[in-house]
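Here is what each chain is made of, one letter per residue.
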Amino acid sequence: MTDVRVVHLVCSTGFAGVERYMVNVAIGLVRADVSVVVIGGDDSQMRSAFAGTDVEWLPGHDMRSALASLRTSPVPDILHTHMSQADLVGWWYRRGTGRRSRHVSTRHFAGRRGGSAVARALFRPIGQSLAAQIAISHFVAQNVEPPAEVVYSGVESTDAVTPRGRFVLAAQRLEPEKKTADVIEAWARSSGPRDGWRLRIAGDGSERDALEGLARSRQVAESVDFLGHRTDVPDLLASAALVVAPTPREGLGILVLEAMAHGTPVVAAGGGGHLETVGIAAPGLLFAPGDTAAAARIIDELLADPLLRKSSGDALRGLQQERFTIEAQVAGTRAVYERLFT
């Protein structure tokens, strides 16, 4: 693998789960003496993430600029794309100067390419041309075009112990599919507001005003802090008493993995990738998607019992260190690459 040149590409200006996935893999591959170029993601945060490494970063804020950056680089042996737009860029590129590149795609979300039958038909040649396809969880693999090999995402492990605050945390985009309203409903049904605990919601999005209104209508606004976009989410995850993850179709959940790494208990909707994380280590922390009364009962049990919080968090941390490490993610990705040359 030391003579292999790899390009990871996404069409994005963000720095969320997909971009962080790329950062982890790229740095791990470079440490193994693989030449890596990353295209796309937020300029400042990607540059900062790769500072002091041998990873080369190029802009790719949309399909046009990503293709332009790709064309300025030597033809890679492996072109590894993330998300449908990047898959399309990779397909176009390989039809021209990039014919010798092996095209690998990572699927981060549970759904087929294209939002309609026509769009899916247009994307079909891309899937047929791939040398390999990776899914970040079994849930994703079961809901995308086959075949897909599962390589779990990983996060940095830690044995550090951080003092816990008297707050419950939800950290996610405030968009309808994330079901943040379920967190507020569960909080209103729980004893947390009456017992002096706080709910802290980190993130922003189109639903913020509506969610603030919901907190007022449920008469819990005085115990709910809307933090907006935060750059210190890892610190919040480490110091929270517990985390609530309400999204029922999460591909895997990078924030859940990070909470697990800190030994923070996660009350999670029992669907999607959560079944492969929380559902394995601490199934008693799962609630049926949308069942806010059940979520409230689990929150109450945890808030009332420090020993339960610790034992649950320890179980989650143990699973993270066993199965969801960056080292395992990089090794799994390299194994996929290596098979392409045998």
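Up top is the structure these notes are about.
Values in this document were obtained by computation on a predicted structure and should not be read as measured data. (Residues numbered from 1 in each chain as written. Predicted model: local features only at pLDDT ≥ 70, side-chain atom pairs only at ≥ 80, totals over all residues. Heavy atoms only, no water.)

## A word on the nonpolar core
Part 1 of the reasoning: With 91 residues, the main nonpolar core has Val-38, Phe-50, Leu-169 and Val-266 as its most contacted residues.
Part 2 of the reasoning: Among the elements that line this core, the one with the most residues is helix α1 (residues 17-31), at nine residues.
Part 3 of the reasoning: Apart from the residues lying within four places of it in its own chain, the contact partners of Phe-50 are Val-23, Ala-26, Ile-27, Val-38, Val-55 and Trp-57.
Part 4 of the reasoning: Ranked by size, the runner-up nonpolar core spans 13 residues in total, among them Leu-9, Leu-58, Leu-70 and Ala-86. (Core = buried A, V, L, I, M, F, W, Y, C linked by side-chain atoms within 4.5 Å. Buried < 20%, exposed > 50% of the residue type's maximum accessible area, 1.4 Å probe, protein only. Helix = DSSP H or I, 4+ residues; strand = E, 2+ residues; numbered from the N terminus. Contact = heavy atoms within 4.5 Å.)

## Details of helix α13 (residues 306-323)
Part 1 of the reasoning: For α13, which comprises 18 residues, the first-to-last C-alpha distance of 26 Å matches the rise-based estimate of 26 Å (1.5 Å per residue) to within 8%.
Part 2 of the reasoning: Taken residue by residue, α13 has Arg-309, Ser-312, Gly-313, Leu-316, Arg-317, Leu-319 and Gln-320 as its buried positions. Buried residues in α13, looked at end-on, bunch into an arc of 160 degrees, giving them a common side. Residues Leu-307, Lys-310 and Glu-322 are exposed on α13 and point more than 90 degrees away from its buried face.
Part 3 of the reasoning: In the core, the buried residues of α13 are packed alongside α10 (254-261), β12 (266-269), α11 (278-281) and α12 (292-304). (Expected span 1.5 Å × (residues − 1). Arc of directions from axis to C-beta.)

## Examining the sheet that holds strand β9 (residues 198-202)
Part 1 of the reasoning: Strand order in the open sheet formed by six strands is β10-β9-β8-β11-β12-β13, with parallel pairing between adjacent strands. Strand pairing shows two members of the sheet lacking a second neighbour, β10 (224-228) and β13 (286-287), which therefore form its edges.
Part 2 of the reasoning: Of the strand pairs in this sheet, strand β8 (residues 167-171) and β9 are connected by five bridges, and their pairing is parallel. When the sheet's bridge partners are listed, Val-168 is paired in β9 with Leu-199.
Part 3 of the reasoning: Packed onto the sheet, helix α7 (residues 180-189) meets β8, β9, β10 and β11 (242-245) and runs at close to 175 degrees relative to β9. (Pairing = 2+ DSSP bridges. Axes fitted to C-alpha atoms, helices over the stretch in contact; angles between N-to-C directions.)

## Re the layout of surface pockets
Part 1 of the reasoning: One number sums up the size of the second largest pocket: a volume of about 330 Å³.
Part 2 of the reasoning: Lining the second largest pocket we find 18 residues, and of these Gly-127, Gln-133, Glu-145, Pro-146 and Pro-147 sit closest to its centre.
Part 3 of the reasoning: Only α5 (117-129), β6 (132-135) and α14 (326-339) provide two or more residues apiece to the lining of the second largest pocket.
Part 4 of the reasoning: Among the residues making up the lining of the second largest pocket, the classes are represented as nine nonpolar, two polar and seven charged. (1 Å grid on protein atoms, 1.4 Å probe; cavity = no way out; pocket = protein on both sides within 12 Å on 5 of 7 lines; lining within 4 Å. Points joined across faces, edges and corners; volume = space filled by probe spheres on them. Nonpolar A, V, L, I, M, F, W, Y, C, P; charged D, E, K, R; others polar.)

## Examining the packing of helix α4 (residues 84-95) against α5
Part 1 of the reasoning: Here α4 crosses α5 at 70 degrees, and the two axes come no closer than 10 Å. Viewed along their axes, α4 and α5 adopt a mutual orientation that is roughly perpendicular. As for how α4 packs across α5, the hand of that crossing is left-handed. Residues Ser-84, Asp-87, Leu-88, Trp-91 and Arg-94 of α4 lie in contact with α5, whose contacting residues are Phe-123, Pro-125, Ile-126 and Ser-129.
Part 2 of the reasoning: A class-by-class count of the residues in the contact of α4 with α5 yields five nonpolar, two polar and two charged. (Parallel < 35°, antiparallel > 145°, perpendicular 65-115°, else oblique. Left-handed = near helix turned anticlockwise from the far one by under 90°.)

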